[in-house]
Amino acid sequence: MTTRTRETVLNVWLAEELRKRGLDAKEESAQTGNRAIDVEVRIGPVVVAVEAKHGQSAAKLREAVEDADGRIDQGLAQCAVAICYPDGATRESLPQSDLLWTVRDGAEDGTLWISGDIDQLATVIRLTPAQLGDPDYAAAALSNSLDEAVRRLSETQKRLLARTLDLPPGKSGSGRRATASWNHAAKRALLVVATAVMFHSRLDVHLSGLRPDLDNRVADETPFTGDWPPEMAHRCAHSDDPISAFWDAWDLILALDYKPIFETGCAALHACPPDPAFSGAIRETARAALAVAGSVASLRHDLLGRIFHTVLDTARYDGSFYTTTAAATLLASLAITENLCDWNDPDAIANLRITDPACGTGTLLMAAAERIRDLAPRARNEGAASRSLIEQVLSGYDVNLTATHMAATTLGLLSPSTRFHNMKIGRAFLGVDDEGDAYLGSLEFLDQNPKLMPWPNAAQTVSQIDTGDEIAQTDPADLVIINPPFTRDSLRHDQFSRADETKLKAREKLLFAKKPVHLSSMGNAFLVLADYINKANSSAIAAILPLVTTTNASSLEIRRYLAGRYHVETVVTSHDPERIYFSENTSIGEILLVCRRWPDSTKPKPPTRVVNLAVNPPTPSDAISVAWSIENGSVESQGYGTVQEWPERRISAGDWGAVQFLSPYLCEKFHELARGDLFQSTALGEVAKVGPAGQRIREAYRRTPMPDAQGRMALWLHDTDVTQTMSAQPDSHVAAKSQYAHRADSYWEQRSTLLLTSRARLNTARLLSVRTDSPVVSSAWITCRPTETDYSDNVLEKAICAYLNSTVGILAMLGSRSNKLPSYPRFSIDDLRKLTVPNFAAIGQSAIQTLTAAYDSLADRTLQPLPHMDSCDTRRALDTAVCAALHIHPETVQTIRRSLSAEPSITGKRYTGATYQ
C-alpha cells in the first residue's frame, strides 16, 4: 500500500513537471469501468497514457509495460509511455532523476528502455503522435483512389489539369507512353486537391473562431463582409456539386489566409469545364483524402512525404529522396543547439533564418520547427512565436509544384490556426523558359538569378504565368538544412525533352565551372549553394548525403572545401544492415553531416565527431534519445554505436575514413596501414597493371557453350559455392563479339593468371583474389599483371594473392571501398590501383619468399566465408605468413581478424553488442 501511495504522489509531481514544459498533462485521470491513467497527456486529438512504477527492477519494468499496453488495448489512449521512477525519488530530485521509459504504440514487439530526465521525457511525449498508425498504408490507399479518379477523366481533362498547374508530363511520346505521362501529370494535379481537402478538414475545428477582419483576397485593406464559417470539408465532399462546394469554401478561407494551399487547389478545381466525369473525380479524390485525414496516420508528420513519394515516383530523374522523420529529427537535434540563440527571447528566435533549398514536402523544415518548439517554451503555443516560425524563420524552395504545395500544407498543419500569408515556401523554376534560357531551380541563387513561380490560381492559365524578371531574394541563413537531390548524370532531367535537357546540362557546366562539384551527380552542388546563402561568420550546414560523399575520389574536393570553410562537427553513419539509409525511398548508404562556421581562425578546429550507429533509430522518439547520447557522450554506454574523434588534419586532407567500419579500432588500423605505419607499403598500381574492367569484357565477349577456333577461356563468375580456394579454374569459354573483334583482341593481350574481385557480397565472399593456371579474362574479376621483372615463376602474383586474402589484405580492400552499399562493395580499377600492398622492392627477398610459400602450401585449401574468418584455419595460416613477412605483431592481426568478423557489413546482421536487435 505504501508503494502505491508513493507512486500516486510521484505521478502528481510528474504531471506538474510536464505542465511546466508546455504539455497538457493531468494526473490520475479516471476513466470508465473504474480504470485510471496514471498521467494523461493530450496532444491535439491524441491521448498519451503515461503509466508509472516506483522502482526500476525487471519486475517493475514488466509491470509498467503491461499497464501501458493495457491502456491502448482498452481504447483509453492511442499510445502510451511506460516509465519507472528510481528508488528514493523526492520532490526536489525528481526533475533531475534518471527515469527509465519506453514508448508503446500497440505495434512494436520490442521494448527499448531509455534513460533520461523529465526534460527529455517531455520531448519524447511531444513526438509520440509522429509514430502512430501506418502512413505507408494510408499513402497506398490514397494512391489507389487517385488512380481510380484519373481513370474517370478524358485525355483532354488530364491535359487541362496538368497545364493549369504547370505540371509537365515528361518527354514527348506516343501511344502508351504518352497516355502514362498524362495520367501521371493528372494524378499530381489531383494530389494537390487531396492535400487541400486534408488541410481543410484539419481547419474545420478552428475556423468558427477565426473570422477575418480584413479580406485577404484583395490588396487593399478591405473589411471582410462574407458569411462565416466556410462549409466543412466532409459536407463539401458529399455535396451534389463538390467542385462548387469546395470552391466556395476555399474562396472564403482565402479571405482569411492559406494562399499557398487553397489558391492552387482552386486552380485545380477550375482546370476543366464541369461535367459528371470531372465532378466524380473530384468527389472520389476528396473522399479518399478525408479517409486519410480521419485515420490516426494523419497525425504523423511524415504522412504527406510518404504520400508524395508513393503517389509520384519522381526520384528516378530528379533525385528527390524522402527523409524519414527519425533522420530529420536526429539531424535537426544535432544542428539546432541550445546555444544557437536565447530560446526565451521571441525576438532572437524571430531573427533566426533556417533554409532548405531543396525542401521537397517539408520534412526537414518541420523537424527544425519541432526542435525550436522543443527548445523555446513560447514557440510551443500558438500565437506570435508560432507565426514567426512560419513567416520569418523557415524558408524552403523546390522545383516541384506538388512538393512545395505539400510543404506548405505540412508547415500549416504544425499550427492550423496560425496565419501564414507570408510563408516563405517557393517553387524555383527548373527548365527552359520561352526565351530559351535554362534555369536550375534554387541553384540559380549562386548566380543571383533564380526565378520563382507564383502559385497557380483559377484566374490564370499556364500561358499567363509569369516567371518574372524580378530576382528572388533569400535572407542569409543561420542554418541550411537539406537532403539534396542526388541523381546520376545519365538520368538527371530525364523528364524534359532532349533539347531542354541539353541546355540544362550546359547551364550546369557553366554555373559550376570553377566550383568543387563533380557533374556525375548534383548532390554536392547544393553544398556549395548552402555555403553561398549562409551567413559569413556564424552559420551551419546540416545535410543528408550519400555515404560515397565521404570516400569517393569524385567528392574529395567538396570534402576539402567544407573542411576549409567550416568545422566539420559531426558525421553520423548507419551500420545497421536493416537500415543503412536515412531516406525512405533509397537503398544506398547515407550520412548525416553537420558543419559549423569556426568563429576564431587563430585557434585550431576540434576533431570531428564520427558516430557510427549500430542500430538506426526507427522513430523520432528513438532519434531524440540517440541525439542526447551523442551530445552527452554516452553513445557507447547506451549501446547505440561507436564514436571516434577524427583529427582535423585528416578531415582537412579529405580523409573521412572513420565511416568505413563500426569498429573504431579497424578505422584506425586502416589509417595506419594506408599511411605505411604497419609495414613498408605502396599502391598496387605502382607494382602491377590493373584492368580492363569487367564491363569492358562483357561488351567485347560473349560466353559460349563450346570453344571457338581461338580457344579463349574466362573466369566469368564469382560463385562462392564453386570458387573457394585461391587456386581457381576457368568456368567459361568466350568468343569475341563480331562488332568488337579488334577490342576483344586488345583485351586478350591483357589477360592474366592473377585476378582481383570487382565486387563481393561480403556475408558470403571467401576470396578477394584468385589465381588460375592459365591466363584468362573475366567479367566479375579484374586482371592484374605485376610489372616487376626481377622475379620468376609468378612469384609476385602468388605473394599478392596470399596478401590480399589475408586479414590485412581484406582490411586494405574494405577500408578503401568507395561504394554505395558497404555490404556489397564494387571495386573500380582506380580503387584497385590505389590499394595498399607491400612495397616488394623494400621488404626483401625473404619476405616475398615467405608469402609465396604460403600461397603454394595453401592455394588448394578452402577458405571460409568472411563472417567465419576468425575460425578459418586457412586464413589463420595466411595471417601467420603475413605477420612473419611484414613484421606485424600477431596479436594485432588477431584483433583485426576478430573485429572484421563482427562487422555488420560483413556479417549482414546487426552488431550483437547493440541495445536492441
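Right above here is the structure, for reference.
Residues numbered from 1 in each chain as written. Predicted model: local features only at pLDDT ≥ 70, side-chain atom pairs only at ≥ 80, totals over all residues. Heavy atoms only, no water.

(A) Here's a closer look at the overall build of the protein. Scanning the protein from terminus to terminus reveals 35 helices and 28 strands. Since a compact globule built from 917 residues should have a radius of gyration of about 29 Å, the 31 Å found for the protein is in line with a globular shape. Once the C-alpha set of the protein is aligned to its principal axes, its extents read approximately 100 × 80 × 55 Å. In the protein, the proportion of contacts linking residues at least 24 apart, taken out of those at least 6 apart, comes to 73%. In the form shown here, the protein has an accessible surface area of approximately 36000 Å², with 47% of it arising from carbon and sulfur atoms. A distance of 4 Å separates the average location of the 95 positive side-chain charges in the protein from that of its 111 negative side-chain charges. (Helix = DSSP H or I, 4+ residues; strand = E, 2+ residues; numbered from the N terminus. Rg over C-alpha atoms; globule rule 2.2 N^0.38 Å. Contact = heavy atoms within 4.5 Å. Areas by Shrake-Rupley, 256 points an atom, 1.4 Å probe, with all protein chains shown as cover. Lys, Arg positive; Asp, Glu negative; His and termini not counted. Charge placed at Lys NZ, Arg CZ, Asp CG, Glu CD.)

(B) Region of the structure containing the nonpolar core. Counting 147 residues, the largest nonpolar core has L18, L161, W250, F262, I307 and L330 as the members making the most contacts within it. When residues of this core are assigned to their parent elements, the largest contribution, 13 residues, is made by helix α6 (residues 175–207). Counting 115 residues, the second-largest nonpolar core is a separate cluster that includes L446, L527, F661 and V808. (Core = buried A, V, L, I, M, F, W, Y, C linked by side-chain atoms within 4.5 Å. Buried < 20%, exposed > 50% of the residue type's maximum accessible area, 1.4 Å probe, protein only.)

(C) A look at the sheet that holds strand β21 (residues 701–704). Reading across the sheet, the three strands line up as β21-β24-β22 and stay open at both edges, with antiparallel pairing between neighbours. Because the sheet does not close on itself, it has two edges, and the strands there are β21 and β22 (713–714). Against the sheet, helix α27 (residues 741–748) contacts β21, β22 and β24 (732–736), and its axis sits at roughly 80 degrees relative to β21. (Pairing = 2+ DSSP bridges. Axes fitted to C-alpha atoms, helices over the stretch in contact; angles between N-to-C directions.)

(D) How the structure looks around the packing of helix α13 (residues 325–335) against helix α21 (residues 620–632). For the pair α13 and α21, interaxial distance at closest approach is 8 Å and the crossing angle is 30 degrees. Classified by the angle their axes make, α13 and α21 are roughly parallel. For the element pair α13 and α21, the recorded crossing hand is right-handed. Contact residues: α13 offers T325, A326, T329, L330, S333 and L334, while α21 offers P620, A623, I624, V626, A627, I630 and E631. Its residues assigned to classes, the contact of α13 with α21 shows nine nonpolar, three polar and one charged. (Parallel < 35°, antiparallel > 145°, perpendicular 65-115°, else oblique. Left-handed = near helix turned anticlockwise from the far one by under 90°. Nonpolar A, V, L, I, M, F, W, Y, C, P; charged D, E, K, R; others polar.)

(E) Summary view of the sheet that holds strand β17 (residues 608–613). Pairing in this open sheet of ten strands is mixed, and the strands run β12-β9-β8-β7-β13-β14-β16-β15-β17-β18 from one edge to the other. Looking at strand neighbours, the two that pair on one side only are β12 (452–453) and β18 (641–646), the edges of this open sheet. The pairing of strand β7 (residues 354–356) with strand β13 (residues 479–482) spans two bridges and is parallel. Note that in β13 the partner of T355 across the bridge is V480. Each of β7, β13 and β14 (540–546) touches helix α19 (residues 523–533); the most contacted strand, β14, lies at about 175 degrees to it.

(F) Focus on α13. Within α13, eleven of the eleven residues are buried, which leaves it mostly tucked inside the rest of the structure. Along α13, the residues that are buried comprise T325, A326, A327, A328, T329, L330, L331, A332, S333, L334 and A335.

(G) Quick peek at the packing of aromatic side chains. Under the criterion given, the structure shown has nine aromatic pairs. Between the aromatic rings of F246 and W250, the centroid separation amounts to 5.2 Å while the plane-to-plane angle is 45 degrees, which identifies the pairing as tilted. Linking F246 with W250, this pair stays in helix α8 (residues 242–256), spanning four residues, or about one helical turn. Pairing F429 with Y439 gives two aromatic rings, centres 6.1 Å apart and planes at 55 degrees, and the pair type is tilted. Within this pair, whereas F429 is found in the loop between β9 (424–428) and β10 (430–432), its partner Y439 is found in strand β11 (residues 438–440), the two being separated by ten residues in sequence. As far as burial versus exposure is concerned, F429 and Y439 are alike and both buried. In this structure an aromatic cluster arises from ring pairing among F199, F246, W250, Y258 and F262. (Phe/Tyr/Trp six-rings, centres within 6.5 Å; stacked < 30°, edge-to-face > 60°.)

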